[in-house]
Structures are given as structure tokens and as C-alpha cells.
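One letter stands for each residue in the lines below.
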Amino acid sequence: MSDEAGHEKLLVALAIAMVDQPRATLQELAKAVGVSKATLYRFCQTRDQLVLRLTTHSAHVMKKALADSHLETAPAREALRNLIDQNLAHKELATFLTYNWKPDNEQQPDIMNSWSGYVESLDAFFLRGQREGAFRVDITAAALTEMFFGVLTSLMDAERRGRVARLGIASVVEQMMLHGIAAEPVSYTHLTLPTILL
């Protein structure tokens, strides 16, 4: 295994451990992931350094997931399925972010620089889908981005807690994004196109 692959595996394991043991010391985290404290100390010397490293690593992985979803080129609904699958493939990091993202992260240049353009890319994708008629237009693209985050991360966490099964999550997220919880498909033909889409 290459050093890069080994670091990736360790980071994923640490992300899981920090969610499961949010108050754990570095020594306890080292034990949880099966390495010595000295090994973890060489990797990150403080808990804050570890959180920063995991957060910036997650940004790199999630941006690659965006690229691999082909949001700009694939048909909108196909791209949405790609996006869901790509995020589920990295659910450990997504769950870590859900539990460890803090408002003051937005004051840390290293973190914000690593995430630069991420939300904007999703907004642009949902706006494209609206303009092409794939997504409903009575909800803003920004709101659709936030809904996507909310539905996906909540189901990832529910699966971690044993409330929902892993199998079928992708389909549930897709159906929630496209149809909501209405028993029957809702007709939007009476709606006028918002100015933002024109």
C-alpha cells in the first residue's frame, strides 16, 4: 500500500472514530484506529490539527466527487444520481463534517480556501437543471443545494445509528429531491418561471 493510500485509509478511520468518540483524546483515537500514539502524533500533533487535516482532506475528496459526477455535462437527473453515489462512497467523511463543522470554520482561511467553489458548483448544477426543465423551479437553486445536503447527510447519519438500512439510501435521496413526500406527483405547470431562470 502506498503512503498516500495508507494516509487516506487512516484519515477515514479517524473520521469514524471522531464521530463515534467525540471527546476522545489522541491516545484513545490511536487505539480506536489500531495505531500507536506515536504514529498518530507524527501524523497530527494535536486534536485541532487533526480536525483541520480531516476537514481540508474532506474538501479535496468532495471536490473530486463533484468532478466525477459530471455536473456540467451529464443530463441533470443522471448527474444527480452520480452526485448521490459519489457522496455515499465517502459517507464517513461527510458524517465527520456533519458532526464537526463549526460556524467559526468560516473564519479560518485554510478551511475556507479548501472549500472554495464547492457550494457554488452545486448551485450552478441545480440552476442548470431548472433551466433544462429537470428540476422544479418554485424553489431556488440555493435552497435545492441546502436540501440536498440536509437529506443526504441526515440519512447517512440515520444509517450509522441503525435507523435506516444502507441499501436503498441512494434511491430515497433521489426520490426526495425529485418528488418530495407527496403521495402523488405534483403538477407545476401553473407556476411561472422565476426571473432568476430567465
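Note: the structure precedes this text.
Residues numbered from 1 in each chain as written. Predicted model: local features only at pLDDT ≥ 70, side-chain atom pairs only at ≥ 80, totals over all residues. Heavy atoms only, no water.

Caption draft 1: Focus on the overall build of the chain. Helix and strand content of the chain: 10 helices and zero strands. In sequence order, the secondary structure elements of the chain are arranged as α-α-α-α-α-α-α-α-α-α. When the 198 residues of the chain are sorted by exposure, 38% land in the buried category. Counting every atom, the chain has about 11,500 Å² of accessible surface; 54% of that belongs to carbon and sulfur. (Helix = DSSP H or I, 4+ residues; strand = E, 2+ residues; numbered from the N terminus. Buried < 20%, exposed > 50% of the residue type's maximum accessible area, 1.4 Å probe, protein only. Areas by Shrake-Rupley, 256 points an atom, 1.4 Å probe, with all protein chains shown as cover.)

Caption draft 2: View of the packing of aromatic side chains. Scanning the model with the defined rule gives seven aromatic pairs in all. Both rings, one in Phe125 and one in Phe126, keep their centres 5.0 Å apart while their planes meet at 55°; by these two values the pair is tilted. With relative accessibility at 1%, the residue Phe126 sits in the buried group. Aromatic side chains Phe126 and Phe135 sit 5.6 Å apart centroid to centroid with 50° between the ring planes, which places their arrangement in the tilted category. One exposure class covers both Phe126 and Phe135, and it is buried. The cationic tip of Arg53 hangs over the ring face of Phe43; the distance from NZ or CZ to the ring centre is 3.8 Å. (Phe/Tyr/Trp six-rings, centres within 6.5 Å; stacked < 30°, edge-to-face > 60°. Lys NZ or Arg CZ within 6 Å of the ring centre and 35° of its normal.)

Caption draft 3: Molecular detail of the pattern of salt bridges. Summed over all chains, the structure comprises eight salt bridges. For Arg136, the salt bridge is made with Asp138, and the minimal N-O distance between the two is 2.7 Å. Given the relative accessible area of 38%, Asp138 is considered partly exposed. A salt bridge links Asp157 to Arg160; its shortest N-O distance comes to 3.2 Å. Of this pair, Asp157 and Arg160 both sit in helix 9 (residues 141-160), separated by three residues, roughly a single helical turn. Its relative accessible area of 12% is what places Asp157 among the buried residues. Several salt bridges converge on common partners, so that one network encompasses Asp20, Asp157, Arg160 and Arg161. (Salt bridge = Lys/Arg side-chain N within 4 Å of Asp/Glu carboxyl O.)

Caption draft 4: The arrangement of the side chain of Thr55 in detail. Tracing the backbone shows Thr55 in helix 4 (residues 47-69). Discounting residues that sit within four places of it in the chain, Thr55 has contacts with Phe96, Leu97, Trp101, Ile111 and Trp115. (Contact = heavy atoms within 4.5 Å.)

Caption draft 5: Layout of helix 9. In this model, helix 9 (20 residues) spans 29 Å end to end at C-alpha, consistent with the 28 Å of a helix rising 1.5 Å per residue. The inward-facing, buried residues of helix 9 contact helix 5 (76-88), helix 6 (91-100), helix 8 (118-131) and helix 10 (169-179). Phi turns positive one or two residues past the end of helix 9, at Gly162, with a value near 85°. (Expected span 1.5 Å × (residues − 1).)

Caption draft 6: Region of interest: unusual backbone geometry. Unlike most non-glycine residues, His70 shows phi in positive territory, near 55°. Residue His70 is classed as partly exposed on the basis of its relative accessible area, which comes to 43%.

Caption draft 7: How the structure looks around helix 5. Between its first and last C-alpha atoms helix 5 spans 18 Å; for 13 residues at 1.5 Å apiece the expected length is 18 Å, and the two agree. Among the residues of helix 5, Ala76, Ala79, Leu80, Leu83, Ile84, Asn87 and Leu88 are the ones counted as buried. Close packing links the buried residues of helix 5 with helix 4, helix 6, helix 8, helix 9 and helix 10.

Caption draft 8: Up close: the packing of helix 4 against helix 5. At a closest axis distance of 8 Å, the pairing of helix 4 and helix 5 adopts a crossing angle of 150°. Compared by their axis directions, helix 4 and helix 5 come out roughly antiparallel. When the axes of helix 4 and helix 5 are compared, the crossing they make is right-handed. Residues Met62, Ala65, Leu66, Asp68 and Ser69 of helix 4 form the contact with helix 5, whose own contacting residues are Ala79, Asn82, Leu83, Gln86 and Asn87. Considering only residue class, the contact of helix 4 with helix 5 consists of five nonpolar, four polar and one charged. (Axes fitted to C-alpha atoms, helices over the stretch in contact; angles between N-to-C directions. Parallel < 35°, antiparallel > 145°, perpendicular 65-115°, else oblique. Left-handed = near helix turned anticlockwise from the far one by under 90°. Nonpolar A, V, L, I, M, F, W, Y, C, P; charged D, E, K, R; others polar.)

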